[in-house]
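Residue-level listing of the chains:
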Amino acid sequence: MSLAQRIRDNVVRSRRTTSEILGAASVLVQGHERILQQLNVSNTSMLSFKWKPWTVAAMKSKIGEFRVAKNHFLNLYGVKARSWSTLVEKVNTIEAALIHLGYWQPLETTETLERDI
């Protein structure tokens, strides 16, 4: 088999693989859209609330000790941090992503936190 033929075969295989990947991505997106439609009532209520990202000062006043905050968010989101600023940054990133994807309930963190403390 010539070099040119091998290149053509690889291009065809690459196009087929790309097509399969795009097809799988399409299926995943459609599934995600169905889930969001099923959660439409929850999503509507989530759109009406205003999410306020954590600040170091707010987290310190709400939770208190760093150890308590670190353990709470480790249990809730699996977040590990060595400082207040790292913890706040990671928690805000996760909560913003959850809101964007439509999976976060507005009072979940507060309610869970109040039960844990």
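The model shown is predicted, which means the values in this text are computed figures rather than measured ones.

Each value, and the rule that gives it
Residues numbered from 1 in each chain as written. Predicted model: local features only at pLDDT ≥ 70, side-chain atom pairs only at ≥ 80, totals over all residues. Heavy atoms only, no water. Helix = DSSP H or I, 4+ residues; strand = E, 2+ residues; numbered from the N terminus. Buried < 20%, exposed > 50% of the residue type's maximum accessible area, 1.4 Å probe, protein only. Contact = heavy atoms within 4.5 Å. Core = buried A, V, L, I, M, F, W, Y, C linked by side-chain atoms within 4.5 Å. Expected span 1.5 Å × (residues − 1). Arc of directions from axis to C-beta. Phe/Tyr/Trp six-rings, centres within 6.5 Å; stacked < 30°, edge-to-face > 60°. Patch = residues over 30% accessible without salt bridge, like charges linked within 9 Å, V, L, I, M, F, W, Y side chains within 5 Å. Areas by Shrake-Rupley, 256 points an atom, 1.4 Å probe, with all protein chains shown as cover. Salt bridge = Lys/Arg side-chain N within 4 Å of Asp/Glu carboxyl O. Polar contact = N/O pair within 3.5 Å; in protein donor to acceptor, adjacent residues only side chain to side chain. Axes fitted to C-alpha atoms, helices over the stretch in contact; angles between N-to-C directions. Parallel < 35°, antiparallel > 145°, perpendicular 65-115°, else oblique. Left-handed = near helix turned anticlockwise from the far one by under 90°. Nonpolar A, V, L, I, M, F, W, Y, C, P; charged D, E, K, R; others polar.

S.K.: Which residues make up the overall build of the protein chain, and what values go with them?
M.R.: What the protein chain contains, in helices and strands, is six helices and zero strands. Secondary structure of the protein chain in N-to-C order comes out as α-α-α-α-α-α. Scored against the burial criterion, the 117 residues of the protein chain give a buried share of 21%. Residue pairs at least 24 apart in sequence account for 59% of intrachain contacts in the protein chain once pairs closer than 6 positions are excluded.

S.K.: I'd like a description of the nonpolar core, backed by residues and values.
M.R.: Core analysis: the largest hydrophobic core is formed by 13 residues, its most contacted members being Trp54, Met59, Ala69, Phe73, Leu87 and Val91. Counting only elements with at least two residues in this core, the list comes to α3 (56-63), α4 (66-77) and α5 (84-101). When residues no more than four places from it in sequence are discounted, the contact partners of Val91 are Trp54, Met59, Phe73 and Tyr77.

S.K.: Tell me about α4, residues and numbers included.
M.R.: Over its twelve residues, α4 extends 16 Å from the first C-alpha to the last, a length consistent with the 16 Å expected when each residue adds 1.5 Å. Within the sequence span of α4, burial applies to Phe66, Ala69, His72, Phe73 and Tyr77. On an axial view of α4, the arc spanned by its buried residues comes to 130°, and they lie on one face. The outward face of α4, more than 90 degrees from its buried face, is lined by the exposed residues Arg67 and Asn75. Residue Gly78 follows α4 closely and has a positive phi angle near 80°.

S.K.: How would you explain the packing of aromatic side chains if you had to name every residue and give the values?
M.R.: In the structure shown here, the tally under the stated rule is three aromatic pairs. For the ring pair Phe66 and Trp84, a centre distance of 5.3 Å and an interplane angle of 65° mean the geometry is edge-to-face. Placement of the pair is Phe66 in helix α4 and Trp84 in helix α5, with a sequence separation of 18 residues. Residue Phe66 shares its accessibility class with Trp84, and that shared class is buried. Here a set of aromatic residues connected by ring pairs shows up, and it is made of Trp54, Phe73 and Tyr77.

S.K.: Describe a nonpolar patch on the surface, and please don't skip the residues or the numbers.
M.R.: A surface patch of nonpolar side chains, amounting to about 270 Å² of accessible area, comprises Leu3, Ile7 and Val11. Among the secondary structure elements, Ile7 is positioned in helix α1 (residues 3-38). Accessibility expressed as a relative area gives 47% for Ile7, which makes it partly exposed.

S.K.: Give me the lowdown on the environment of Ser85, citing residues and values where you can.
M.R.: By secondary structure assignment, the location of Ser85 is in helix α5. Between the C-alpha atoms of Ser85 and Ala57, which are 28 residues apart in sequence, the distance is 9.9 Å. Only 3.3 Å separates the side chain of Ser85 from the side chain of Ser83, close enough to count as a polar contact.

S.K.: Please provide a residue-by-residue account of the packing of α4 against α5, values included.
M.R.: Between two packed helices, what matters for the description is the angle formed by their axes and the separation of those axes. Put simply, α4 and α5 touch, their axes get as near as 11 Å, and they point 30° apart. In this view, α4 runs roughly parallel relative to α5, as classed from their interaxial angle. Once α4 is placed against α5, the crossing between them reads as left-handed. Contact residues: Phe66, Ala69, Lys70, Phe73 and Tyr77 in α4; Trp84, Leu87, Val91, Ile94, Glu95 and Leu98 in α5. Here the residues of the contact of α4 with α5 sort into nine nonpolar, no polar and two charged.

Remember that the coordinates give geometry; whether it matters functionally is a separate question.
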